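Topology and contacts: notes
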There are 2 protein chains.
Amino acid sequence: MLSDTRTNAGVDNIARYRKMFTWETTGERVICLMCSGNLSITQGVITRIDRDLKKAAKGESVETILNVDSLFRVAQIIGDHMRDMQDLHRETLQAQGEAADATIILTGQRAGGMQRLFLIYSAGNFIEATEDTPYFQIGEHKYGKPILDRVITPATPMSEALNAVLVSMDSTIRSNLSVGMPLDLSIIRTDTYTFAVNRRIETDDETYAELSRQWSDAVRNAFHALPPAPYLEM
Amino acid sequence: MLSDTRTNAGVDNIARYRKMFTWETTGERVICLMCSGNLSITQGVITRIDRDLKKAAKGESVETILNVDSLFRVAQIIGDHMRDMQDLHRETLQAQGEAADATIILTGQRAGGMQRLFLIYSAGNFIEATEDTPYFQIGEHKYGKPILDRVITPATPMSEALNAVLVSMDSTIRSNLSVGMPLDLSIIRTDTYTFAVNRRIETDDETYAELSRQWSDAVRNAFHALPPAPYLEM
C-alpha cells in the first residue's frame, strides 16, 4: 500500500493529510486502509472506526475492525461507516456544489484467514481483488496506471511490486500537482500478522530520490534506444 | 498531431469517428484540427467551417480559415463557431444531464506567418503553446502524459517527437477502453505549407504493432533492470 499525503480544495488551498491508516494486534491481525475523495467523509469514517475501538477497549460490547471474525466483516463495517457519513453530508455538500465521493482501499489479514484486498465505494458497497484484477488504485490514478498494467500480475514478487508502485507514484507526482510527497508505505507479508514495512517516505528521502532518478534515466534511455520513428519516410 | 477515433456514449455504445480534420492550400496554407468532448458540438464546429468554405468557393464574401490573414484569426473563427454551438445546445444538454464541453487543438501555418499551435476551449477562448508548454493534449490525456513530460522539449527533433506521441497513445490505449485504434497522424514541417504525413494508422498496422512491442519490451526491460526495491530491509 502506497499513498501520497496531498489534499487540496483548489490549487491555492493545498494541505498535507495522512491518507493511510494502520491497526495491528501483533500475531493476530493487521489492517491497513488508504482513503481518497472528500476528506471530511473519510476522516469521519476513520473517527468512527477509532471511536468503536475505544468503546471496546473500555469493555463495551461493540463490533470493531479488530474483533470481528473476518476481513469481509471489516469491509462491511467500514462500508457502514461510509454510508453513515454519506447520509449525514452528501445532500448538503451537493447543494453547495461539492462532491461527497470517497473511496477506500482495505487490506489485512487475521490469524486463520486469508490476506484480502477490498475496494470500498461511496455507497458503502465493495469489491475484492482477484487473479484477474490483482491491484487497486484510488484517487488520481491514471498517470501511474500504464506502468502497473505493464508489470503487475498476481505472481509479481514483492521487490518488483514495490518498485512498480514507487515508480508509478513518481510518474503521477511529476505530472500532477495534486499529488505530492511525503508518501506513506505499508507492506504486509502473508501469514505474518504484522507490518514488514510501515513508514513515511519524506520529501528529502535520498533513497526515493535515487530510485526516481534511476527510473527517469531508464525510461529516457529506453525511449532514446527506440529505432527512428516510422511513417516519416512516406 | 495524433488522434484516436473512438467515441463513446457509455461502454455499450462505442463508435468510430474521425477526430482529426485537415485543410490545405498547397504552398500557401495548411491547417489541422483535433477535437475532443461532445461529438455533436465538435461536428457542428467542423460543419460550420466547411459551410463557410463552400460559401467562399461560390464567390460569397465570407471569412474562412483558408482566406483570413493569420492563424490567430483562424483560432478566433473556430472559437466563434464553438461559442455558437455552445449557445445552441449547452442548456438543453445540461438539462438532460449531458456535458456540452468540447476542446479543439489547432495548428497550421500560412505563407508569411509562423507555425502556431492553439488550444480552443468550450467557451471559444484559446491559448497558444509556448517554450514553457510546447505541447497540448485533449481528451483522455492523463495515461499518456508522463512519457511526454519526460521527453518533450521545444528542441525535441521530429523523429523523437513522433515516437513520443505514438508510445504515449499506446500507453493510453492499453489502459483505457475509451481510446482505441485506428489512429490519425498528421505532420506539418515548418515553412512547407503542406503535410509531410497525413494518414490513418489502421488497427492491423504492422509498423505500429512493432513499435508498440518494442516500447513494451523496452519499458519492461528498463523496469526489471532497476536495483532491488528499497525499504524492504528495514
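Residues numbered from 1 in each chain as written. Chains lettered and ligands numbered in written order. Predicted model: local features only at pLDDT ≥ 70, side-chain atom pairs only at ≥ 80, totals over all residues. Heavy atoms only, no water.

So, on to unusual backbone geometry. Between Met181 of chain A and Pro182 of chain A the backbone carries a cis peptide bond, its omega angle lying at -5°. Topologically, Pro182 of chain A is positioned in the loop between α4 (158-175) and β9 (183-187). Despite not being glycine, Tyr193 of chain A shows a phi value in the positive range, around 55°. Examined against the element boundaries, Tyr193 of chain A turns out to sit in the loop between β9 and β10 (197-201). Positive phi is not limited to glycine here, since Tyr231 of chain B has a value of about 75°. (Helix = DSSP H or I, 4+ residues; strand = E, 2+ residues; numbered from the N terminus.)

A few words on the pattern of salt bridges. A complete count under the given rule lists 32 salt bridges over all chains for this structure. In this structure, Arg51 of chain A engages Asp52 of chain A in a salt bridge whose closest nitrogen and oxygen atoms are separated by 3.2 Å. Arg51 of chain A gets classed as partly exposed once you look at its relative accessible area, which sits at 39%. Under the relative-accessibility criterion, Asp52 of chain A is labelled buried at 7%. A salt bridge links Arg90 of chain B to Asp101 of chain B; the shortest N-O distance between them is 2.9 Å. Placement of the pair is Arg90 of chain B in helix α2 (residues 71-95) and Asp101 of chain B in the loop between α2 and β6 (102-110), with a sequence separation of 11 residues. Through salt bridges with shared partners, one network takes in Arg18, Asp184 and Arg200 of chain A. (Salt bridge = Lys/Arg side-chain N within 4 Å of Asp/Glu carboxyl O. Buried < 20%, exposed > 50% of the residue type's maximum accessible area, 1.4 Å probe, protein only.)

Okay, the interface of chain B and chain A next. The interface is formed by 50 residues belonging to chain B together with 50 residues belonging to chain A. Between chain B and chain A, a total of about 4,400 Å² is buried, with carbon and sulfur atoms accounting for 65% of that surface. Looking at the side of chain B facing chain A, the largest losses of area belong to Arg150, Phe223 and Tyr231 of chain B, adding up to 21% of the total buried there. If you look at where chain B meets chain A, you find 4 salt bridges. Glu140 of chain A is the partner of Lys142 of chain B in a salt bridge, and the nearest nitrogen-oxygen pair spans 2.6 Å. Taken together, the links from chain B to chain A amount to 20 residue pairs in polar contact (both at pLDDT 80 or more). If you list the elements that add at least two residues to the side of chain B that touches chain A, you get α3 (145-151), α4 (158-175), β9 (183-187), β10 (197-201) and α5 (206-224) of chain B. (Contact = heavy atoms within 4.5 Å. Buried area = accessible area lost by both parts, 1.4 Å probe. Polar contact = N/O pair within 3.5 Å; in protein donor to acceptor, adjacent residues only side chain to side chain.)

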